[in-house]
Amino acid sequence: MSSYSVTEPSNRQKWIAGSLVIGYALVTMLPLLWIVATGFKSSADAIAYPPKVVFEPSLEGYVNLFTTQTRQTQEFLDANPPTNWVEEIVHGKGMVIAGPSRYGERFANSVIIGFGSTFLSVFLGTLAAYAFSRFRVPLKDDLLFFILSTRMMPPIAVAIPIFLMFRSLGLSDTHAGMILLYTAVNLSLSVWLLKGFIDEIPREYEEAALIDGYTRFQAFYKVVLPQAATGIASTAIFCLIFAWNEYAFAVLLTSGTAQTAPPFIPTIIGVGGQDWPAVAAGATIFLLPVMVFTILLRKHLLRGITFGAVRK
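Here the structure is a predicted model, which means the values were calculated and not measured.

**Student:** How would you explain the overall build of the protein if you had to name every residue and give the values?
**Tutor:** Scanning the protein from N- to C-terminus turns up 16 helices and four strands. Its C-alpha radius of gyration of 26 Å places the protein more than 25% over the 20 Å reference for a compact globule of 312 residues. C-alpha atoms of the protein, sized along the principal axes, occupy 85 × 75 × 40 Å. Evaluated residue by residue, the protein yields a buried proportion of 35% over its 312 residues. Across the protein, the fraction of contacts at a sequence separation of at least 24, relative to all contacts at a separation of at least 6, is 73%.

Written as structure tokens, this is what we have:
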């Protein structure tokens, strides 16, 4: 008789599972790879039909993304030859560089608003979660449900009231207004996630610290926070992903000073219509910060996703 384990998968099961995972990864990565490839296409290759898989790489999309261009006569172009490869690409279309585009400003706004709201959401959420986890808060269950209920309402349902409120308070098209708004939206997720992590930290650790002469704040700072680092990191990732990709509020409440990259990228227009290589280049660059942030904290992200799945 051959031994058989009910817990260890067979080689065939491993092969099938591995094939499914690889196939799913390829399918989900295909749109992302297509966006990256489109950023290196020329305008003609980007709209070619059937779509071109093999093409001659070009940096035209990135040049168009970061520059503002105007058309000039051939006599002007001949009198002012290109001095670098960027001007050479622009001159090839009969254009000259008039100045930088606004993409850099919009990208900087995304960084300020996204990371600023993430920091505030995690900071306030950690304090609130600790209070709900360790202290006797009156109507605790009702307050927790009220906090959670803010995630049940679609953002577009409160867009008009928020627009009117921001206009009255002078917060429209400001960094502070968008940071406060995204913090308010993310706070419910932050509180609920972090409360679960802090609940798992034994109270005996803090009691031992208090007996040793620590104050309540010192026990929280030196004992609880290091133990909750995994939860804080995973919560920060989820909050950043929302603030980084949010589109509806950014379109409604910003137009210039505090406009982020998501509503700006679709408005990139080239000669004769949408400049798809520049749009793809902008989307590719926009993906990098949150992708790097998520990869660096991927172990904590996995812990946050699987949190609560197994209980002792």
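**Student:** Outline the packing of helix α6 (residues 103-134) against helix α9 (residues 175-199), supporting the account with residue identities and numerical values.
**Tutor:** Remark: α6 packs on α9, axes separated minimally by 6 Å, with the N-to-C direction vectors making an angle of 40°. It follows from the interaxial angle that α6 and α9 lie oblique. As for the relative orientation of α6 and α9, their crossing is right-handed in sense. Class assignment of the residues belonging to the contact of α6 with α9 gives a composition of 16 nonpolar, eleven polar and three charged.

**Student:** Can you break down the confidence of the model for the protein residue by residue, with the values?
**Tutor:** Detailed reading of the predicted coordinates is not advisable wherever pLDDT falls low. Residues at a pLDDT of 70 or more form 93% of the protein, whose mean pLDDT is 85. Per-element mean pLDDT across the protein ranges from 62 in helix α16 (residues 298-306) up to 93 in α6. Taken as a whole, residues 308-312 scores under 50 in pLDDT and shows one contact with residues more than four places along the chain or in a different chain.

**Student:** With reference to specific residues and values, describe unusual backbone geometry.
**Tutor:** Residue Tyr49 is joined to Pro50 through a cis peptide bond whose omega torsion reads 0°. Topologically, Pro50 is positioned in the loop between α2 (43-46) and α3 (60-66). One non-glycine residue with positive phi stands out, namely Leu139, at about 55°. Structurally, the position occupied by Leu139 is in the loop between α6 and α7 (140-149).

**Student:** Which residues make up the nonpolar core, and what values go with them?
**Tutor:** For soluble globular proteins, nonpolar side chains are generally found buried alongside one another. The biggest cluster of nonpolar side chains holds 16 residues, and the ones touching the most others in it are Leu65, Tyr103 and Phe286. Broken down by secondary-structure element, the contributors of at least two residues to this core are α3, α6, α12 (229-245), α14 (261-264) and α15 (276-296). In terms of residues, this core owes the most to one element, α15, which gives six residues. Each residue touching Tyr103, except ones within four places of it in the same chain, is listed here: Leu65, Phe66, Phe264, Ile265, Gly282, Ile285 and Phe286. One finds Ala159, Leu181, Ala250 and Leu253 within the second-largest nonpolar core, a separate group that totals 13 residues.

**Student:** Tell me about helix α1 (residues 11-38), and please be specific about residues and values.
**Tutor:** Taking 1.5 Å per residue as the helical rise, α1 with its 28 residues ought to reach 40 Å, and the 40 Å between its terminal C-alpha atoms agrees with that figure. At Leu30, α1 shows its strongest bend, of approximately 40°, with the proline Pro31 following within four residues.

**Student:** Account for a nonpolar patch on the surface, with residues named and values stated.
**Tutor:** Taken together, the side chains of Val36, Phe40, Leu59 and Trp85 make up a nonpolar region of the molecular surface, amounting to roughly 340 Å² of accessible area. Tracing the backbone shows Leu59 in the loop between α2 and α3.

**Student:** Any details on the pattern of salt bridges? Residues and values, ideally.
**Tutor:** Considering all chains together, one arrives at five salt bridges under this definition. In this structure, Lys195 engages Asp199 in a salt bridge whose closest nitrogen and oxygen atoms are separated by 2.9 Å. Pair noted here: Lys195 and Asp199 are both in helix α9, with a separation of four residues, about one helical turn. One salt bridge connects Glu206 with Arg216, and the closest N-O pair in it is separated by 3.4 Å. Of this pair, Glu206 sits in helix α10 (residues 203-211) while Arg216 sits in helix α11 (residues 216-227); the two residues are ten residues apart in sequence, bridging distant segments of the chain. You can call Arg216 partly exposed: its relative accessible area is 38%. Ionic contacts of the salt-bridge type, sharing partners, join the residues Arg134, Glu206 and Arg216 into one network.

Basis of the calculations
Residues numbered from 1 in each chain as written. Predicted model: local features only at pLDDT ≥ 70, side-chain atom pairs only at ≥ 80, totals over all residues. Heavy atoms only, no water. Helix = DSSP H or I, 4+ residues; strand = E, 2+ residues; numbered from the N terminus. Rg over C-alpha atoms; globule rule 2.2 N^0.38 Å. Buried < 20%, exposed > 50% of the residue type's maximum accessible area, 1.4 Å probe, protein only. Contact = heavy atoms within 4.5 Å. Axes fitted to C-alpha atoms, helices over the stretch in contact; angles between N-to-C directions. Parallel < 35°, antiparallel > 145°, perpendicular 65-115°, else oblique. Left-handed = near helix turned anticlockwise from the far one by under 90°. Nonpolar A, V, L, I, M, F, W, Y, C, P; charged D, E, K, R; others polar. pLDDT = per-residue confidence, 0-100. Core = buried A, V, L, I, M, F, W, Y, C linked by side-chain atoms within 4.5 Å. Expected span 1.5 Å × (residues − 1). Bend = angle between axes of the 7 residues up to and from the residue. Patch = residues over 30% accessible without salt bridge, like charges linked within 9 Å, V, L, I, M, F, W, Y side chains within 5 Å. Areas by Shrake-Rupley, 256 points an atom, 1.4 Å probe, with all protein chains shown as cover. Salt bridge = Lys/Arg side-chain N within 4 Å of Asp/Glu carboxyl O.

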